[in-house]
Each structure stands twice: as C-alpha cells, then as structure tokens.
Amino acid sequence: MSAPALLRTPARTAEWQRIPEELRALWRACLPDQQGADVARALAVNFVGIAAADEEEDLREAVDKLQRRTPCRAFLLLLDPAAPIGAAELAAATRTAGALRDIVLEEIVIRLPASALPRIPGLVRPLLENDLPNHLYWATRLPADESTLDAMAAMCDHLIVDSRRFGAVARELDAIQARRRRGFRVTDLTWLRLRPWRRALAEAFERLPWREGAPVEATIRHGANGLAGAQLLGNWLGARLAARIRLDAAGAAGPLRPERVTLAVGDCEVDLAVAGPQIRVRVSTPERCDLPFLVPQSRGSDGDLVGAAIDIG
C-alpha cells in the first residue's frame, strides 16, 4: 500500500486579530471536493517555534518532520528586525488516503522584531488547542532579557532548546540548568546528540577495574560548532565521576559533537574517537589492551531530534 499523500493549502495572510477567523477558513479550504469524502483534524500537540529569520529553513524542516509523526498546530515565530508588526501567514497540510483526509498541520507564521516578543504570549495563548500538550522550541540563542523566555515558556508544558545555537555557551547552559532547578521541563537537542557518546563511555567503564573515588582526568577535543556538546559532556563527566575536565578547541569547525574524548582513570586509559559514522572506543589497563569496539553515532536531523524531544518531554 502506498504512503498517504500530503497536500498543503496555499498560504494566506491575516492580521493578528483575524487569525481565529482565518483558521476556520483553513478548515473549509481542506474540505475535499469529491462527493462522500470527509475531513478530520488529527492534531496531537501545540508547537511554538522561535528562530532567527535567517534560520527559517531549519525551523520549517523541523516542522515538516514533526507533522509526519506528530500532527500539530504550529506557530513559527521568525525574528526579523525589519519585519512589520501585526501580520501572519497561515497554511494547513492534510494527509490523504483514498476518500479520507486528516489535517496534520495548522501553521501560523509570524515575522516580528525581537522587541515585539513580549506581545506574543497574549496572542498565542488563546489560539492553543485545548487539552493538547504545548511544546516551545527556542531554536536560537537565549534573549538578553530572560523574562521574555520565561513568559513564553510559562504558556507551554515543555521547553526545547538547541545549545549549539547559543552565543555565550557556558552562561546560557547555566541559565537553562537554573530553569530545570525551578521545575521547568527542558530538553536540549545537543544532549540528545550525545547519547551515543554517553553509551560508549558507559560500555567502556564496564571493562575497567574502576572504583568509587578513583581520580579521573578527561580531555574533550572539539571544533567551534561542537563547544556546547563538549561542555555538556564535560559537565556530565564531572558530575558522575568528579572528573577534572579540559576542553581542547583544536578540532575541525564543522561537527556538532566532540571529535575525541580521552580519559585517564587511575592507571587505566579510555579513548573515544570519531571513525566515520561511528565512535571507536579503546580501553587499556596495566594488564591488558582490549580490542576496540564501535558505537554508531547519532544521524538524526534537527527535525528528527525535535520529534524525539517531544516524545520524551
């Protein structure tokens, strides 16, 4: 059986105060032409995504992946200092299978300067579908005025961030951790990218005669784009093993994850290094040097990771 087709309505423009009317008009636009067919809404979550205007393509890719696994009403807030205030673009997507047609996406795109963000909770909150989980994806660096982020997060059940997009990584990671301590549910896509590295380290330690309190020193090599991943992994090792961490920024700029992690655990050594699409792990002790083993790296796109974050959030 062939996969259901996705049909998208033409985008329409509406003033902010007319968005509810235009959403009802979208419903009518999704009605099938053929006699005896019907349309139903299959929305499962409310999704609010915030990104810089020059990262619009990445945010749309995430929403495209999301609608295929988790139908949603999606608000795409694109920060553009030159954008006029007060207009929105609306569209819908339906999944068709024979005479059946399900609405899997209701999309509201709002372009606005960052200074207008404080007005958004009052606009968006009444438009959230009742009784559905609300997920906020902050797909850019944190704002200088963090009360703006708090106001947006307060209307949602779950905050998703991607720390690779942060500007001041250490400070912004601390700000996110402070929100966790205050009870916010937060998922960092960079943390999800590190799952294979954490799994590889756990498997490596199963092969060590390690004891609680043994001294651990770790060096994490990364490029410019991998700073957030290296910092998160270092924080985790520090918390779990009381390890002394050194970050080495000598790697290539492109990768979003570490390039190499080496640990001295007492008189034992653990070495993790990128080997194509895998992580090669070597473990050596004074008595033996094990054959290396391989762990697959994460190959999910940002859209896949957003979907995974919503699943676990």
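Along each chain, the written sequence defines residue order, and numbers are assigned to residues from 1. Local features in a predicted model are, by the rule used here, given only for residues with pLDDT of at least 70; side-chain atom pairs are given and counted only at 80 or more, and totals for whole chains, interfaces and linings are based on all residues. As a rule here, side-chain values cover all heavy atoms of the structure and leave hydrogens and water aside.

*Asks:* Would you explain the environment of Ala 44 in this entry?
*Replies:* Considering the arrangement of structural elements, one finds Ala 44 in the loop between strand S3 (38–41) and strand S4 (45–52). Three exposure classes are used, based on accessible area relative to the maximum for each residue type with a 1.4 Å probe and protein chains only: buried under 20%, partly exposed in between, and exposed over 50%. Using a relative accessible area of 31% as the deciding quantity, one classes Ala 44 as partly exposed. C-alpha of Ala 44 to C-alpha of Leu 7: the two residues are 37 residues apart in sequence and 18 Å apart in space. Here a residue-residue contact requires only that any non-hydrogen atoms of the pair lie within 4.5 Å. Setting aside chain neighbours within four positions, we find Ala 44 in contact with Thr 70, Pro 71, Cys 72, Leu 132 and Pro 133. Counting from the N terminus, the helices are the DSSP runs of H or I reaching at least four residues and the strands are the DSSP runs of E reaching at least two.

*Asks:* Explain the pairing of strand S12 (residues 244–248) here, please?
*Replies:* Along a regular strand, successive side chains alternate from one face of the sheet to the other. As paired elements, strand S11 (residues 216–221) and S12 share 5 bridges and run parallel to each other. Bridge pairing in S12 places Ala 218 opposite Ile 245. Classification remark: right-handed applies to a crossover when, strands pointing away from the viewer, the course from the first strand over the helix to the second runs clockwise. Following the backbone out of S11, through helix H8 (residues 227–241) and into the adjacent parallel S12, one traces a crossover that is right-handed. Paired strands, in this sense, are two strands between which DSSP finds at least two bridges.

*Asks:* Any chance you could explain the packing of aromatic side chains here in plain terms?
*Replies:* Note on aromatic pairs: each is described by the distance of the centres and the angle between the planes. Any Phe, Tyr or Trp ring, taking Trp's six-membered ring, that has another such ring centre within 6.5 Å forms a pair; planes under 30 degrees apart are called stacked, those over 60 apart edge-to-face, and the others tilted. Evaluation of the coordinates by the stated rule reveals 2 aromatic pairs. Judged by centre distance (6.2 Å) and plane angle (45°), the ring pair of Phe 47 and Tyr 137 falls under tilted. Here the residue Phe 47 occupies a position in strand S4, and Tyr 137 occupies one in strand S8 (residues 134–138), the gap between them amounting to 90 residues. Exposure remark for Phe 47: the relative accessible area of 0% places this residue in the buried category. Seen in terms of ring centroids, Trp 191 and Trp 236 are 6.5 Å apart; in terms of plane orientation they differ by 65°. Their pairing is edge-to-face. Taken together, the positions of Trp 191 in helix H6 (residues 189–193) and Trp 236 in helix H8 put the pair 45 residues apart, joining distant regions of the chain. Exposure remark for Trp 191: the relative accessible area of 27% places this residue in the partly exposed category. When the ring centre of Trp 191 is taken as origin, the NZ or CZ atom of Arg 198, which lies over that ring, is 3.8 Å away. Think of it as a cone above the ring: NZ of Lys or CZ of Arg counts as a charge over the ring if it is within 6 Å of the ring centre and within 35 degrees of the ring normal.

*Asks:* Looking at this structure, how should I read the layout of surface pockets?
*Replies:* Rolled over the atoms, a probe with the dimensions of a water molecule shows which regions are left empty. Considering only enclosed or pocket space, the largest pocket measures out at about 290 Å³ in volume. In terms of lining, the largest pocket is formed by 13 residues, of which the most central are Gln 177, Arg 180, Leu 232, Asn 235 and Trp 236. For the lining of the largest pocket, the secondary structure elements donating two or more residues are helix H5 (169–181), strand S10 (186–188) and H8. Of the residues forming the lining of the largest pocket, the biggest block, 5 residues, is contributed by H5. Split into classes, the residues belonging to the lining of the largest pocket amount to 7 nonpolar, 3 polar and 3 charged. Only protein atoms enter the 1 Å grid used here, on which a cavity is any set of points holding a 1.4 Å probe that cannot leave and a pocket is any open set flanked by protein within 12 Å on both sides along at least five of seven lines; residues with an atom within 4 Å of a point are listed as lining. Grid points are joined across faces, edges and corners, and a volume is the space filled by probe spheres set on the points. Each residue is assigned to one of three groups, with Ala, Val, Leu, Ile, Met, Phe, Trp, Tyr, Cys and Pro labelled nonpolar, Asp, Glu, Lys and Arg labelled charged, and all others, Gly among them, labelled polar.

*Asks:* Would you mind going over the nonpolar core with me for this structure?
*Replies:* Nonpolar side chains in soluble globular proteins tend to end up buried together. To define a nonpolar core, start from buried Ala, Val, Leu, Ile, Met, Phe, Trp, Tyr and Cys residues and group those joined through side-chain atoms within 4.5 Å. In terms of nonpolar packing, the biggest core is built from 71 residues, with Val 48, Leu 136, Trp 138, Leu 237 and Leu 263 touching the most fellow members. Top element by residues in this core is H8. It accounts for 7 residues. Those residues in contact with Leu 237 that sit more than four places away from it in its chain are Leu 201, Ala 218, Ile 220, Ala 242, Ala 243, Ile 245 and Leu 263. Counting residues in each nonpolar core, the second largest holds 25 residues, with Leu 66, Cys 72, Leu 76 and Leu 78 among its members.

*Asks:* For this particular structure, what's the right way to read the environment of Gly 229?
*Replies:* Tracing the backbone through its elements, the reader meets Gly 229 in helix H8. Taking the C-alpha atoms as reference, Gly 229 lies 9.7 Å from Leu 192; in sequence the two are 37 residues apart. Residues in contact with Gly 229, not counting those within four places in the same chain, are Thr 190 and Leu 194.

*Asks:* I tried to follow H5 on my own but got confused; where do I start?
*Replies:* Each α-helix winds once per 3.6 residues, and so residues spaced three or four apart point in a common direction. Here the expected span of a helix is defined as 1.5 Å times the quantity of residues minus one. Here H5 spans 18 Å end to end across 13 residues, near enough to the 18 Å set by a 1.5 Å rise per residue. If you check which residues of H5 are buried, you get Val 169, Glu 172, Leu 173, Ala 175, Ile 176 and Arg 179. End-on, the buried residues of H5 take up no more than an arc of 155°, which puts them together on one face. Away from its buried face, by an angle of more than 90 degrees, H5 presents the exposed residues Asp 174 and Arg 181. At its buried positions, H5 is contacted by helix H4 (146–154), strand S9 (158–161), S10 and H8. Of the residues trailing H5, Gly 183 is marked for its positive phi of about 105°. By arc we mean the arc of the directions from the helix axis to the C-beta atoms, nothing more.

*Asks:* I tried to follow the state of the cysteines on my own but got confused; where do I start?
*Replies:* Criterion for a disulfide: a pair of cysteine sulfur atoms within 2.5 Å. Considering all chains together, one arrives at 0 disulfides under this definition. No disulfide involves Cys 30; its sulfur sits 13 Å from the nearest other cysteine sulfur, which is in Cys 72. For Cys 30, a relative accessible area of 2% puts it in the buried group.

Everything listed here is a matter of coordinates, which is why it stays silent on function.
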